[in-house]
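Inside the fold
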Amino acid sequence: MARSSTRSRRTPRRHRPTFWERAASAGEMLRGDAGGWCVLASSAIVAVLLASWMDQRTHAQAPAPSEVRFLNTPDWVGDSLLEHVGRMAARQCDSGLAPTQGDLLAMHDALNRSGWFEQVSTVRRTPAGDIEVEATFLTPATTIRDSYGEVVIDRAGRPLPDGTRMDASQASMVLINPRHDRPTRPLSAWRGDDVAAALRLHALLIGHDWSNQIRHIDLAEFDRTGTLTLETDLPSRIRWGSPPGEETPLETLAARKIHRMEASFRSHGRVDQHHAGEVDLTIASHLVHR
């Protein structure tokens, strides 16, 4: 009887290629198939787009600006003006997104062109998402009246934006009859030696107990005679003469003119001595009433 025997069968083990074998196989494929390079390039493009999307997502999730804050503002700048220039800056940033460096540069440029600032030093974003601005506001000095109306100017003769008003306690001594009208470019000084001379005189007259009695500094004669004239609220005219420091050889010096006005105010209660005509301060020896 033949004996039968049973032979056990084993399942053959499958070979799993290693990473390096796969890389070598991919290299062989790329060497032999130009389409493989297209696959690799497409993968690179996808990776770049994914990175860009992730960067935008991160930027969108960053805190958006909640406040534009101006540092070290002068006392004359009120809340309404700060809100106005703050909104002007905020409009340069996309709503709901944290500002980019380009947005900050746009804010800097918009504030510089607004006419409110002598200089905008820094516009930066804080970690909390607010915007901080370091800038120097133009400081109102007085009001000047030209053929277009009245406009506030600073000590250098640069007009502030329309709508600016002087404080009621500083509203006297409006400059009138300048030779030229206001400049059209922001931060440009008023043309003409007459305005520069009147501003020097204004700085000398402001701040005295009698300053509010002077309503105007008249520049009408300056180009012809070099003379500045004061108008009081009586009304009366006080012939001041040359700008401070530019007196003619026989003219009373500026300090002496101020002394005479002080004496008139102490003795009469008014710098014009209640004289409704003209008071001439220019003669060295005495006052002249006309």
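Keep in mind that this is a model prediction, so the values were computed, not measured. (Residues numbered from 1 in each chain as written. Predicted model: local features only at pLDDT ≥ 70, side-chain atom pairs only at ≥ 80, totals over all residues. Heavy atoms only, no water.)

**Focus on the overall build of the chain**
When helices and strands are counted, the chain shows seven helices and 11 strands. With 290 residues in all, the chain has 37% of them scored as buried. Carbon and sulfur atoms provide 52% of the accessible area of the chain, an area that totals close to 18,200 Å². (Helix = DSSP H or I, 4+ residues; strand = E, 2+ residues; numbered from the N terminus. Buried < 20%, exposed > 50% of the residue type's maximum accessible area, 1.4 Å probe, protein only. Areas by Shrake-Rupley, 256 points an atom, 1.4 Å probe, with all protein chains shown as cover.)

**Considerations on the sheet that holds strand 9 (residues 237-241)**
Spatially, eight strands are ordered 5-4-6-7-8-9-10-11 in an open sheet, and the strand pairing comes out mixed. Edge strands, defined here as strands with exactly one partner in the open sheet, are strand 5 (149-154) and strand 11 (288-289). Each of strand 7 (214-218), strand 8 (228-232) and strand 9 touches helix 7 (residues 254-268); the most contacted strand, strand 9, lies at about 160 degrees to it. (Pairing = 2+ DSSP bridges. Contact = heavy atoms within 4.5 Å. Axes fitted to C-alpha atoms, helices over the stretch in contact; angles between N-to-C directions.)

**Some words on the pattern of salt bridges**
Evaluated as defined, the whole model comprises 21 salt bridges. For the salt bridge of D280 with R290, the shortest nitrogen-to-oxygen distance reads 2.9 Å. Of this pair, D280 sits in strand 10 (residues 278-280) while R290 sits in the segment after strand 11, and the two are 10 residues apart along the sequence. Salt bridges sharing partners connect three or more residues here, namely E67, R69, R124, D130, E132 and E134. (Salt bridge = Lys/Arg side-chain N within 4 Å of Asp/Glu carboxyl O.)

**Concerning the environment of P243**
Its location among the elements puts P243 in the loop between strand 9 and helix 7. The spacing of P243 and A197 is 46 residues in sequence and 5.5 Å in space, taken between C-alpha atoms. Look past the residues within four positions of P243 in its chain and what remains in contact with it is A197, R200, F222, G226 and L228.

**Notes on the packing of aromatic side chains**
Following the criterion strictly, the structure yields four aromatic pairs and no others. Between the aromatic rings of F70 and F137, the centroid separation amounts to 6.2 Å while the plane-to-plane angle is 55 degrees, which identifies the pairing as tilted. With F70 in strand 1 (residues 68-71) and F137 in strand 3 (residues 131-137), the pair connects residues that are 67 residues apart, well separated along the chain. Per residue, the accessibility class of F70 equals that of F137, and both read buried. (Phe/Tyr/Trp six-rings, centres within 6.5 Å; stacked < 30°, edge-to-face > 60°.)

**Some details on the nonpolar core**
Counting residues in each nonpolar core, the largest one holds 27 residues, and the members touching the most others are L175, V195, L205, I217, L230, W240 and M261. For this core, the secondary-structure elements that each account for two or more residues are strand 5, helix 5 (193-205), strand 7, strand 8, strand 9 and helix 7. The leading source of residues in this core is helix 5, at six residues. If near-sequence neighbours (up to four positions away) are discounted, L230 is found in contact with L201, L205, I214, H216, I217, S236, R237, I238, W240 and M261. Listed in part, the 23 residues of the second largest apolar core include V77, L104, F117 and A135. (Core = buried A, V, L, I, M, F, W, Y, C linked by side-chain atoms within 4.5 Å.)

**Some details on the side chain of S236**
Note on placement: S236 falls in the loop between strand 8 and strand 9. A relative accessible area of 3% places S236 in the buried class. At 3.2 Å, the side chain of S236 forms a polar contact with the backbone oxygen of G277. (Polar contact = N/O pair within 3.5 Å; in protein donor to acceptor, adjacent residues only side chain to side chain.)

**With respect to the environment of I176**
Note on placement: I176 falls in strand 6 (residues 174-176). Counting along the chain gives 39 residues from I176 to R215, while the straight-line C-alpha distance between them is 10.0 Å. Setting aside residues no more than four positions away along its own chain, I176 makes contact with R145, H216, I217, D218, L219 and E231.

**As for helix 5**
With 13 residues, helix 5 extends 19 Å from end C-alpha to end C-alpha; this agrees with the ideal 18 Å at 1.5 Å per step. Buried within helix 5 we find D194, V195, A197, A198, L199, L201, H202 and L205. Once helix 5 ends, the next one or two residues include G207, with phi positive near 95 degrees. (Expected span 1.5 Å × (residues − 1).)

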